[in-house]
Amino acid sequence: MAKSLEIRLRGISATFQHESRGDITAVKDLDLIIQPGEFLTLLGASGCGKTTTLRMIAGFQQPSAGEILFDGANVTNVPANRRDIGFVFQNYALFPHLSVFENVAYGLRIKRQNAAKIDAGVEQGLRQVGLQGLGGRMISELSGGQQQRVALARAIAIKPRVLLFDEPLSNLDAKLRVEMRSEISRLQEELAITTVYVTHDQEEAMAISDRIAIMNEGRIVQIGKAEELYRKPVSRFVAGFLGNANLVRGTALAADGGRVTLDIVGHRWTVATDATVTIGSVVDAVVRPEAISLSRSDGALPGIVEGRVFLGEKAEYRIRTGDLELLVVQWNPTAGELLAAGDTCSVNLPAAGVQLLV
Ligand SMILES: Nc1ncnc2c1ncn2[C@@H]1O[C@H](COP(=O)(O)OP(=O)(O)OP(=O)(O)O)[C@@H](O)[C@H]1O
Ligand SMILES: [Mg+2]
């Protein structure tokens, strides 16, 4: 098997000229290193520049500034068909009038491989995606999930050095999406091909990636493992983008030895933190809904249940305390623990595992 490749984006930008709207810079001075064999996901809202970044890695789009390096070699001006990439598109981009076999064979024919190699390559590709024996079918005779598998087989049949995915699962129903994402993950691990995956689905990103780069307005705002991004978001934007978050604003009353005491809605709340906080400053704390607990007894922070959704394995609450509204998740609630709208309760904020944005 070929050695995995490192991708390096150095200060790349993409500017599009618009006659009426003026120039749009879709990607802004972006630096990114994707490790050999890594599965990296670009995650962000619509229009943040994910597809444009992916297209520049593929060579479908020329950057207006910056360089792209594959294993240290500058490929910025190398055309797409000479970059050894496999690309899986959102709408599959299959040839509907060709058979499954011919669709998967496409890249191998372009590479001018002989018939025996094409047969072997297609067979292996179809087997890897679980479609063995279906080479003779027409694309129109396949389900959406099967078509997505053909697109995947076509991308890997050429034995690419880089795999690129642009929202490949968004046309599938929820159950199939979950099934396919674990297959993509398994296959990528098996082939150890450096992979860049684009999605705006945070759960998909968390399930499938080694690392996630969160993008906003053409830039990467934070990059890391799902767990790091979830536990240590650097900004309000990241905190709100990956999972649900409460932003609790308080004034620092005391800070010493890795602990900070904040005044929130007139109560003292002490949390363990490695952040440096100036006394008297206003601090936003990111508190995840599942980190807050509720009880019926009187506690430090009195609350009232404004809304509740019971979902079986968990209950989700909107709790008001002073001028603060909190989202709280209670896992596996017993009948005694379950609160109802209008109930008064006591809110217990966690003493650790809170990210202070300072
Ligand atoms: N060929 C183009 N010509 C002009 N503007 C473009 C072109 N391609 C993209 N843009 C603009 O660049 C910005 C980023 O687009 P891009 O397709 O990269 O976003 P995206 O993150 O993939 O969004 P989505 O999740 O909707 O696919 C958008 O404002 C878009 O309108
Ligand atoms: Mg896109």
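Residues numbered from 1 in each chain as written. Chains lettered and ligands numbered in written order. Predicted model: local features only at pLDDT ≥ 70, side-chain atom pairs only at ≥ 80, totals over all residues. Heavy atoms only, no water.

End to end, helix α3 (residues 115-128) covers 20 Å across 14 residues, agreeing with the expected 20 Å (1.5 Å per residue, within 8%). Taken together, the buried positions of α3 are Ile 118, Gly 121, Val 122, Gly 125, Leu 126 and Gln 128. Mapping the buried residues of α3 onto a view down its axis gives an arc of 160°, with all of them on the same face. Check the buried side of α3 and you find it contacts α2 (100-110), α4 (144-157) and α5 (174-191). The first or second residue beyond α3 is Gly 130, which carries a positive phi of 75°. (Helix = DSSP H or I, 4+ residues; strand = E, 2+ residues; numbered from the N terminus. Expected span 1.5 Å × (residues − 1). Buried < 20%, exposed > 50% of the residue type's maximum accessible area, 1.4 Å probe, protein only. Arc of directions from axis to C-beta. Contact = heavy atoms within 4.5 Å.)

Domain assignment breaks the chain into domain 1 (7-240) and domain 2 (244-357). Between domain 1 and domain 2, the C-alpha centre-to-centre distance is 39 Å. Between domain 1 and domain 2, the residue contacts involve nine residues of the former and 10 residues of the latter. Summed over the shared surface of domain 1 and domain 2, the result is one salt bridge. Residue Asp 284 is joined to Arg 236 by a salt bridge in which the shortest nitrogen-to-oxygen separation is 4.0 Å. On the surface where domain 1 and domain 2 come into contact, there are four residue pairs in polar contact (both at pLDDT 80 or more). When contributions to the side of domain 1 that touches domain 2 are tallied by element, the ones reaching two or more residues are α7 (226-231) and α8 (236-241). Top contributing element to the side of domain 1 that touches domain 2 by residue count: α7, with three residues. The residue inventory of the side of domain 1 that touches domain 2, partitioned by class, reads five nonpolar, one polar and three charged. (Domains from an automatic or database assignment. Salt bridge = Lys/Arg side-chain N within 4 Å of Asp/Glu carboxyl O. Polar contact = N/O pair within 3.5 Å; in protein donor to acceptor, adjacent residues only side chain to side chain. Nonpolar A, V, L, I, M, F, W, Y, C, P; charged D, E, K, R; others polar.)

Here we take up the sheet that holds strand β13 (residues 267-272). If you trace the five strands from one edge of the open sheet to the other, you get β13-β12-β11-β14-β20, paired in antiparallel fashion. The sheet terminates laterally at β13 and β20 (355-357), the two strands that pair on one side only. Averaged over all pairs of adjacent strands, the angle between their axes in this sheet comes to 45°, without regard to strand direction. Looking at chain direction, strand β11 (residues 246-256) and strand β14 (residues 282-287) are connected through six bridges and run antiparallel. Along β14, the bridge assignment pairs Gly 250 with Val 283. (Pairing = 2+ DSSP bridges. Axes fitted to C-alpha atoms, helices over the stretch in contact; angles between N-to-C directions.)

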